[in-house]
Amino acid sequence: MKFFSFVSLSVLLISCGPGEPKSLHTTPDFDPLISPVKEYVQQVESSGDLKSKTVPLSEVNTTGSYTGYFKNGQLVKFIADGTKTDGKKYWTFYLQNNQLVLAHIKETSKNCHGNKFCAWEIKNYFLNGHLIKSLKRGDAFMSEKEANVEEKKFVQNMDEDLMQMDTTQQQYAAYVAGLFNQLKK
């Protein structure tokens, strides 16, 4: 009887105990390195004194517009909103002191990987001119209907071309910033 009471009490204490420690931040986009970038983006988004300018976007197979957002004459954000021959692109880039800090890319493409529909979203975080974290959701789907990217969770992006994306996105940001700088002259 004593043994049964001891076992019962032990089971009760274990089941009522603290259990597994729960983390307050369980999403893949929590990282102390990217926290300053996220705070800066929030400041830009909540700033009421941004001025905007729009210029046409005309790239290979893509047309649309670039919209630049300026604070105190400095480009802090731009959006590339375009229609491609096989889909759409909506890229948002944030710059701090003329350096890229976040590239948020949303894109769709019909007939990629054969006859599949592709939809993806990538967030690339930069610090001191280097890509420090890449998150991705979406991929190739059988149809446009099942490509509801917003329902997917972000995961750490492990693509082979992260170094190329680092360089390409920084060059793209510099190119678009140059377009807006030409407007000032």
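What counts as what
Residues numbered from 1 in each chain as written. Predicted model: local features only at pLDDT ≥ 70, side-chain atom pairs only at ≥ 80, totals over all residues. Heavy atoms only, no water. pLDDT = per-residue confidence, 0-100. Helix = DSSP H or I, 4+ residues; strand = E, 2+ residues; numbered from the N terminus. Contact = heavy atoms within 4.5 Å. Buried < 20%, exposed > 50% of the residue type's maximum accessible area, 1.4 Å probe, protein only. Pairing = 2+ DSSP bridges. Polar contact = N/O pair within 3.5 Å; in protein donor to acceptor, adjacent residues only side chain to side chain. Core = buried A, V, L, I, M, F, W, Y, C linked by side-chain atoms within 4.5 Å. Salt bridge = Lys/Arg side-chain N within 4 Å of Asp/Glu carboxyl O. Expected span 1.5 Å × (residues − 1). Arc of directions from axis to C-beta. Patch = residues over 30% accessible without salt bridge, like charges linked within 9 Å, V, L, I, M, F, W, Y side chains within 5 Å. Areas by Shrake-Rupley, 256 points an atom, 1.4 Å probe, with all protein chains shown as cover.

Here we come to the confidence of the model for the protein chain. For the protein chain, the average pLDDT comes to 79, and 75% of its residues sit at 70 or higher. For the protein chain, helix H1 (residues 2–16) is the element with the lowest average pLDDT, namely 41, and strand E3 (residues 74–84) is the one with the highest, namely 95. Contacts from residues 1–26, a stretch scored under 50 in pLDDT, to residues over four places away or in other chains number one contact.

Our focus in this paragraph is the pairing of E3. Within E3, eight of the 11 residues are buried, which leaves it mostly tucked inside the rest of the structure. Between strand E2 (residues 62–71) and E3, which pair antiparallel in sequence order, lie two residues; one of them, Asn72, sits at a positive phi of approximately 55 degrees. Sheet topology places E3 next to strand E4 (residues 87–96); eight bridges connect them, and they run antiparallel. Bridge pairing links Lys84 to Gly87 in E4. The loop that links E3 with its antiparallel partner E4 comprises two residues.

Before going further, it helps to examine the environment of Trp91. As for its placement among the helices and strands, Trp91 is situated in strand E4. Contacts of Trp91, omitting those with residues within four sequence positions, involve Phe78, Ile79, Ala80, His104, Ile105, Lys106, Glu107 and Tyr172. There is a polar contact of 3.0 Å between the side chain of Trp91 and the side chain of Glu107.

Judged by nonpolar contacts, the single largest core of 20 residues is most densely connected at Tyr66, Leu75, Phe78, Phe93, Tyr172 and Phe180. The set of elements that each furnish at least two residues to this core consists of strand E1 (51–59), E2, E3, E4, strand E5 (99–112) and helix H3 (162–184). The dominant element in this core, judged by the number of residues it contributes, is H3, at five residues.

A word on the pattern of salt bridges. Under the definition given, this model contains six salt bridges. Lys77 is the partner of Glu45 in a salt bridge, and the nearest nitrogen-oxygen pair spans 2.7 Å. Taken as a pair, Glu45 in helix H2 (residues 35–46) and Lys77 in strand E3 lie far apart in primary sequence, 32 residues in all. Judged by relative accessible area, Glu45 falls into the partly exposed class, the value being 40%. With a relative accessible area of 10%, Lys77 lands in the buried category. Ionic pairing is found between Glu107 and Lys84, a salt bridge with its closest N-O pair at 2.7 Å.

This part covers H2. Compared with the 16 Å implied by 1.5 Å per residue over 12 residues, the 16 Å span of H2 between its first and last C-alpha is a close match. Along H2, the positions that sit buried rather than exposed are Val37, Tyr40, Val41 and Val44. For H2, the arc enclosing every buried residue in end-on projection is 100 degrees, short of the 170-degree limit, so these residues lie on one face. Turned more than 90 degrees off the buried face of H2, the exposed positions are Glu39, Gln42, Gln43 and Ser46. Close packing links the buried residues of H2 with E3, E4, E5 and strand E6 (116–127).

In this section: a nonpolar patch on the surface. A contiguous nonpolar patch, built from Leu33, Leu127 and Ile132 and spanning about 230 Å² of accessible area, is present on the exposed surface. Summarising the element assignment, Ile132 is placed in strand E7 (residues 130–141). Of the residues examined, Ile132 reaches a relative accessible area of 30% and is grouped as partly exposed.

Bringing the pairing of E1 into the picture now. Note: E1 against E2, nine bridges, orientation antiparallel. Across the sheet, residue Lys53 finds its bridge partner in E2, namely Gly68.

A positive phi angle, close to 65 degrees, is found at Asn98, a residue other than glycine. For Asn98, the position within the fold is in the loop between E4 and E5. For Asn98, a relative accessible area of 60% corresponds to the exposed category.

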